[in-house]
Every structure is written in C-alpha cells, then in structure tokens.
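Structural description and commentary
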Amino acid sequence: MTNASHTTQRLYGGHGKSGKTLLPTTAREDAPFYILPDTLRSWPYERILNPSVAPESVEWLSSFPDIILLGTKEYNQSDSGMYSTVSHAVLLPKRCQVMKVLRSFCDFMHMCYMLEEYTETLSGKQAVDICQSSIDAITRPDRCRSEGEPLVGEITRQFWKRFSTQANQATQERFIKAWQSFLDSLIIQARRRDRDRYICSIDEYMAARQDNIGSQPCFAILELSLGLDIPQYVMDHPLVAALVKDANTMIVLANDMCSYKKEVRADAADYNAIAVVMRQYKTDVAGGVRWISDIHDEVAQHFLQIRDDILNQRGFPSFGESLDRQIESYVNGLGQWIRGHDEWNFGARRYFGNEGLEIQKTRKVFLY
C-alpha cells in the first residue's frame, strides 16, 4: 500500500497520474476543496442506459403509511431510479422481463436506503430489532407481520415475494446470505457508534465495509438481469470470488471519495475511508484521497487481470459451453456495474447536489 506522507508530497505542487496539477485543499481559505481522481479513466466498460422504472417503485413505496423519507430532499437526491438505469447489463430476451428485474432492483435500493437512514441514529440494540425484522420477512415471507413491528419488515417481505418468483434457487440463496451480511454490518456500525465514535484502522474499516456497502445483494440481482443460473461451486472458485471482492472494494473506495463532502457537512465523516486514512497515516484530505485512489488503481488493475484470466481460461477451468457463456456474462456484468456506480455517484444528487455533472468534469469538490 502507498505511504500516505509520500502521497501528500506528490499532491502538493505535484502531478497526479492524469498529468494534471493537484492543488492543495487549503488553496482558498474560505472554500477548502479536494480533487477527485478519475479512477475509471482507463476502464473498458462504457455507460449504458436502461429504461426507468422509478415511478412504479416510488408508487409502491408511497403506499405504505408513515414513510417519512418520501418527498424529502435527502431521499429524492438518492435517485434509486437512476442507479437501476445505469448499472445493469441486461441480456433478458423480453422487455417485460427486463422491466421486472429493474423494478426489483429499484425496490431493493429503496429498501437499502431506508435501512441505512433509519439505523444511522439507532443504538446497537435498536439496530438489531429493525434488521431482524427484515431478515425474518425474507426467511418467513408468508407470516403476517405483527402490528407495531418496524415497517421495513413488510417492505422487505413484499420486495422478496416479487424477487423470489423471478430468481432461481442458487441466486435466492446468494441474495439471502449477502443480505444477512449487510444487515449484520449495519448492526456492527451501530454498536461502534455506541462506543462514542469508535476509531478503527483502515483494515478493520475495509473488512466491515465489504458487507456494509451493500453491493453483494446487488450482484445477486445482476444475475437475474443477465438470466443466469450459475451453481455455487462456480461462484466459490477462487478467481470468481477474487473478482467479486475486487468489484466490491472498488465500489467502497469510489463511494467514500464521493460521499466525503456530504458526510463532512453532516458531521458524520468518521466512518469514511478518507477520515480513517487521515487518522491512521496522519495526513490531510488530499493525502487521504490519493492514498485511496492509489489502492483503487491497484484493485482495478487486479480486477482486469483476473477478468482476462477467467475469460481466457488461464488457471480457470471450462465448465461446459453453457456455463462458460454465463460466467463470461457475469464477469462483464460486474465490470459494467462498476461503471454504472461511478455514473450514479455524479448523476444522482445524493453526494453533490446539482453540481455532480460539473464535478465529474472538473474533479474539484468544495467541502463547504
């Protein structure tokens, strides 16, 4: 990993990998800023655009009583609908199938967002209760939800009833496992808050964020959009597992670089990779961003190397013509997802408000 002090040296008065001068965050005393590196400058996957299903998903969510997030500025800026349009590589033959999958994903993003927002202020014990309600709704979808139970339980149950009718058994099992890990990570985060702003190392942070970012359940929905039926033993192959981990790590790092401004303004940046790196390596924002960007570059290169090894069957077996085609689709689907996530970071208003597309060009992010 890159030494942070050396990273800071390169940032101040130096040049980044793009050749552009990287200015210090204190260049203007009244408006500190940082520069976002173009982490996907050499990424081989281009932006795609799927049909939007956001209105149907919002209508469904608004049918629940007491959804206080609906209509708020914070909620609208999350733009779950946009994420569904730019992230999915879709190979399904019929438009109705495509729309069902995109709708499931859009519903899922609403569900994820609500859980994250609701648990952000909860104690560890309270987070356990709300997360247990969600996983119980998946494992026992035919049980009537009790009056007074957290509303997210019924929201999860209805999402799962739709999703499970489309997904094969292996995909369902992978989703449930990933969703449980995501919920567990929310509980861990809440318990750390109970400890008065728990300070973790970058290794601890990245281990927790692998589940906390919520990508793994998304990858199960990706399988659905590609019409895949891949056995678990294929997914457990070390190269496939490494590829999935790399994709997840890239999304974590890119997300934290983009979300830092929002979290600083909300006084909630302690649980962000930039802040963690700044504390651990005693550097500044610019040094933290470059450290993370350098790691992102390493992981991206590793992802593309593994992708090529799998597709060219170097150290990776053939599983027969049908499964080999499905594996190829999944591998490229992960690559496309990484591009889609980057597009959402700037195209939605969650992190940068109305300035996202301009920041995508200039890479300059003013903190205040």
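Here we summarise the structure given alongside this text. Computed from a predicted model, the values in this text were never measured in an experiment.

1. Some remarks on the packing of aromatic side chains
- One pass over the full model with this rule turns up 24 aromatic pairs.
- On the basis of an interplanar angle of 75° and a centroid distance of 6.0 Å, the ring pair of Tyr34 and Tyr260 is categorised as edge-to-face. Of this pair, Tyr34 sits in strand β1 (residues 33–35) while Tyr260 is found in helix α12 (residues 238–265), placing the two residues 226 residues apart along the sequence. Judged on exposure class, the residue Tyr34 and its partner Tyr260 are both buried.
- For the pair Phe108 and Phe159, a centre-to-centre distance of 6.0 Å together with 45° between the ring planes defines the contact as tilted. Here the residue Phe108 occupies a position in helix α5 (residues 95–119), and Phe159 occupies one in helix α7 (residues 151–166), the gap between them amounting to 51 residues. The pair formed by Phe108 and Phe159 is uniform in burial state, with each residue classed as buried.
- Through a chain of ring-to-ring contacts, the aromatic side chains of Phe105, Phe108, Phe159, Trp160, Phe163, Phe175, Trp179, Phe182, Phe219 and Trp337 assemble into a single cluster.

2. Focus: the packing of helix α8 (residues 169–194) against helix α9 (residues 202–212)
- One can describe the packing of α8 onto α9 by two numbers: an axis separation of 7 Å at closest approach and a directional angle of 135°. In terms of their interaxial angle, α8 and α9 are classed as oblique. Between α8 and α9, the contacting residues are Ser181, Phe182, Ser185, Leu186, Gln189 and Arg192 on the first element and Glu204, Ala208, Asp211 and Asn212 on the second.
- Considered class by class, the residues forming the contact of α8 with α9 number three nonpolar, four polar and three charged.

3. Let's talk about unusual backbone geometry
- Its identity is not glycine, yet Asp267 carries a phi of approximately 55°, on the positive side.
- On the secondary structure map, Asp267 appears in the loop between α12 and α13 (273–281).
- Even without being glycine, Arg363 reaches a positive phi, approximately 70°.
- Overall, Arg363 belongs to the buried group, its relative accessible area being 11%.

4. Regarding α13
- Listing the buried residues of α13 in full gives Ala273, Ile274, Ala275, Val276 and Val277.
- Buried residues in α13 make contact with α9, α12 and α14 (285–311).
- The opening residue of α13 is Asn272, an N-cap whose side-chain oxygen sits 2.8 Å from the backbone nitrogen of Ile274.
- Directly after α13, the chain includes Lys282, whose backbone phi takes a positive value near 50°.

5. Let's talk about the side chain of Asp324
- Position of Asp324 relative to the elements: it lies in helix α15 (residues 321–347).
- For the buried Asp324, no salt bridge exists, and the shortest N-O distance to an oppositely charged side chain is 8.6 Å, to Arg325.

6. Observations concerning the environment of Gln189
- By the secondary structure assignment, Gln189 is in helix α8.
- Taking relative accessible area as the criterion, Gln189 reaches 17% and is therefore assigned buried.
- Along the chain, Gln189 and Gly124 lie 65 residues apart, while their C-alpha atoms are 7.9 Å from each other.
- Other than its neighbours up to four places away in sequence, Gln189 contacts Asn212 and Tyr271.

7. Regarding the side chain of His296
- Structurally, His296 is set in helix α14.
- Ignoring any residue separated from it by four or fewer positions in sequence, one finds His296 in contact with Thr39, Leu40, Met250, Leu253 and Ala254.

8. Brief notes about the pattern of salt bridges
- Taken as a whole, this structure holds 18 salt bridges when the rule is applied.
- Among the salt bridges present, the one from Asp142 reaches Lys161, with a minimum N-O distance of 3.0 Å. With Asp142 in the loop between α6 (124–139) and α7 and Lys161 in helix α7, the pair connects residues that are 19 residues apart, well separated along the chain.
- On the accessibility criterion, Asp142 (65% relative accessible area) is exposed.
- Take Lys161: its relative accessible area is 38%, and that puts it in the partly exposed class.
- A salt bridge links Asp256 to Arg209; the shortest N-O distance between them is 2.8 Å. Residue Asp256 is found in helix α12, and its partner Arg209 is found in helix α9; the two are separated by 47 residues along the sequence. Taken individually, Asp256 and Arg209 each receive the classification buried, so the pair is uniform in this respect.
- By sharing partners, the salt bridges in this structure join Asp136, Arg140, Arg143 and Glu149 into a single network.

9. Description of α6
- For α6, with 16 residues, the first-to-last C-alpha span of 22 Å sits near the 22 Å given by 1.5 Å per residue.
- Among all positions of α6, only Gly124, Ala127, Ile130, Cys131, Ser133, Ser134, Ile135, Asp136, Ala137 and Ile138 are buried.
- Here the buried face of α6 lies against α5, α7 and α8.

About the cut-offs
Residues numbered from 1 in each chain as written. Predicted model: local features only at pLDDT ≥ 70, side-chain atom pairs only at ≥ 80, totals over all residues. Heavy atoms only, no water. Phe/Tyr/Trp six-rings, centres within 6.5 Å; stacked < 30°, edge-to-face > 60°. Helix = DSSP H or I, 4+ residues; strand = E, 2+ residues; numbered from the N terminus. Buried < 20%, exposed > 50% of the residue type's maximum accessible area, 1.4 Å probe, protein only. Axes fitted to C-alpha atoms, helices over the stretch in contact; angles between N-to-C directions. Parallel < 35°, antiparallel > 145°, perpendicular 65-115°, else oblique. Contact = heavy atoms within 4.5 Å. Nonpolar A, V, L, I, M, F, W, Y, C, P; charged D, E, K, R; others polar. Polar contact = N/O pair within 3.5 Å; in protein donor to acceptor, adjacent residues only side chain to side chain. Lys, Arg positive; Asp, Glu negative; His and termini not counted. Salt bridge = Lys/Arg side-chain N within 4 Å of Asp/Glu carboxyl O. Expected span 1.5 Å × (residues − 1).

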